[in-house]
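Listed below, chain by chain, are the residues.
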Amino acid sequence: MKNLKLYLSVMLLLIIVSCKKKDEVTPEETKMDLTKYFITMEFPTQFTGGRTYNIPYLIVFDNDEKATHYGFASPGPEITPYKLEEDKITLIVANQTWIFTISDNQITAFSGIPNPPKSVKLHEVPATNQLVGKYSGMLQSRLVNTAFPYRYVLNQTQFGEEMVDNPTLDYVINPVKNVFAVSYIDSVKRYFLAIDGKLIVVRMKNGGTNAESYMYGTLTSDEL
């Protein structure tokens, strides 16, 4: 009789343990949401007179595993597929495989990109529009070894541009990821990228003189 009670006790204990194991759910590893991040990098580009400038390049990620690329010297954006697998972001760009290795929300390595870029960084999309503000500085000409003073003002949906006077909000923009905007008005295309409190501007004018056909610069904030 004692043996029977011992046997039943053991069986009951095994049943309880088994039930607990079935109820336990192994938590799934949370996959990084790339739509909340973007990549910036810079491509060294030769200007007239042997000058080299690092032209920005931006990649933003959409919900349907598509990435939009903005080259600040290209005619327009390019859309390519991407995949996120474990610690690697893979993009297929012009039949080339670009791979970014990430760790602790930072890019630790990359491969497959021709003309290897500099300052390759992964950023988290900010909660507020970083473009808003007043900025001034010099824009360097690509074809002529000279620079021109420019001033900009930007709010949530508009911007203004002047060389001497204080700018007013004259033109419409549509911010992307709270850090980027592109505008094409009267044969002038402008790229704006706000990073670390500074405004990167690329200004291109179709049919303009050599001096104004392509200008680039990093402007500082006029607001304390």
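Cut-offs and rules
- Note that residues are indexed from 1 along each chain, following the sequence as it is written.
- With the structure being a predicted model, the display of local features is reserved for residues of pLDDT at least 70 and the display and counting of side-chain atom pairs for 80 or more, all residues being used for whole-chain, interface and lining totals.
- The side-chain numbers reported here are obtained from all heavy atoms of the structure, hydrogens and water having been left aside.
- Helix numbers and strand numbers start at the N terminus; a helix is a DSSP run of H or I with at least 4 residues, a strand a run of E with at least 2.
- A 1.4 Å probe rolled over the protein chains alone gives each residue an accessible area, and that area as a share of the maximum for its type sets the label: buried under 20%, exposed over 50%, partly exposed in between.
- By definition, residues are in contact when any of their heavy atoms lie within 4.5 Å.
- The accessible surface values rely on the Shrake-Rupley method and a 1.4 Å probe; as for residues, cover is taken only from the protein chains in view.
- Only strands joined by at least two bridges in the DSSP assignment are considered to pair.
- Two rings from Phe, Tyr or Trp (for Trp, the six-membered ring) form a pair when their centres sit within 6.5 Å of each other. Planes less than 30 degrees apart are called stacked, planes more than 60 degrees apart edge-to-face, and all others tilted.
- Where helices are involved, their axes are fitted lines through C-alpha atoms of the stretch in contact, as for all axes, and angles between N-to-C directions lie from 0 to 180°.
- Counted as salt bridges are all cases of a side-chain nitrogen of Lys or Arg within 4 Å of a carboxyl oxygen of Asp or Glu.

A.B. asks: Honestly, the overall build of the protein in this entry has me stumped. Any pointers?
C.D. replies: Within the protein one finds 2 helices and 16 strands. A total of 224 residues make up the protein; the buried ones form 35% of that total. Within the protein, contacts between residues at least 6 apart in sequence are counted, and of these 41% link residues at least 24 apart. For the protein, the accessible area works out to roughly 13,400 Å², and carbon and sulfur atoms hold 52% of it.

A.B. asks: Could you clarify how one ought to interpret the sheet that holds strand β11 (residues 158–162) in this entry?
C.D. replies: Sheet strands pair via backbone hydrogen bonds, and the direction of the pair is either parallel or antiparallel. Across the sheet, 8 strands lie side by side as β12-β11-β10-β9-β16-β15-β14-β13; this open sheet has antiparallel pairing. One side of each edge strand has no neighbouring strand; the edge strands of this open sheet are β12 (171–172) and β13 (180–185). By the bridge criterion, 8 bridges tie strand β14 (residues 188–195) to strand β15 (residues 198–205) in an arrangement that is antiparallel. Residue Tyr191 lies in a different strand from β15, and its bridge partner there is Val202.

A.B. asks: Just checking my understanding: could you explain the packing of aromatic side chains for this structure?
C.D. replies: When we look at a pair of aromatic rings, we describe it by the centre distance and by the angle of the planes. This structure, assessed with the given rule, holds 14 aromatic pairs. Centre to centre, the rings of Tyr70 and Phe180 are 4.5 Å apart; their planes meet at 45°, and the pair counts as tilted. Of this pair, Tyr70 sits in strand β3 (residues 66–71) while Phe180 sits in strand β13, placing them 110 residues apart in sequence. Phe180 sits in the buried class, given a relative accessible area of 0%. Summarising the aromatic geometry, the rings of Phe72 and Tyr191 are spaced 4.8 Å apart at their centres and angled 20° between planes, so their arrangement reads as stacked. Here the residue Phe72 occupies a position in the loop between β3 and β4 (78–85), and Tyr191 occupies one in strand β14, the gap between them amounting to 119 residues. Take Phe72: its relative accessible area is 1%, and that puts it in the buried class.

A.B. asks: Honestly, the sheet that holds β3 in this entry has me stumped. Any pointers?
C.D. replies: Strands sit in the order β7-β6-β5-β4-β3-β2-β1-β8 across an open sheet of 8 strands; the sheet is antiparallel. Taken across any chain shown, the strands that pair with only one partner, and hence form the sheet edges, are β7 (106–111) and β8 (118–124). Strand-to-strand twist across the sheet, computed as the mean angle between neighbouring axes with direction ignored, equals 25°. Two strands pair when backbone bridges link them, and strand β1 (residues 37–46) and strand β2 (residues 52–61) are joined in this way by 9 bridges, in the antiparallel orientation. Bridge assignment links Met41 to a residue of β2, and that residue is Tyr57.

A.B. asks: Would you explain the pattern of salt bridges in this entry?
C.D. replies: Here the idea is simple: oppositely charged side chains can pair when their charged atoms come close. Applying the stated criterion across every chain, the model contains 4 salt bridges. Residue Asp87 pairs with Lys88 through a salt bridge whose shortest N-O separation is 3.6 Å. Using a relative accessible area of 35% as the deciding quantity, one classes Lys88 as partly exposed. Bridged by salt links that share partners, the residues Glu161, Arg190 and Arg203 form one connected network.

A.B. asks: Please explain unusual backbone geometry as it appears in this structure.
C.D. replies: For residues other than glycine, phi is negative in most cases, and the peptide bonds are mostly trans. Located in the positive-phi region is Asp104, a residue other than glycine, with phi close to 55°. Looking at the element boundaries, Asp104 is found in the loop between β6 (96–103) and β7. Overall, Asp104 belongs to the exposed group, its relative accessible area being 71%. Backbone geometry at Asn105 places phi at a positive 60°, although glycine is not the residue there. Within the secondary structure layout, Asn105 lies in the loop between β6 and β7.

Without other data, these values stay purely geometric and don't point to any function.
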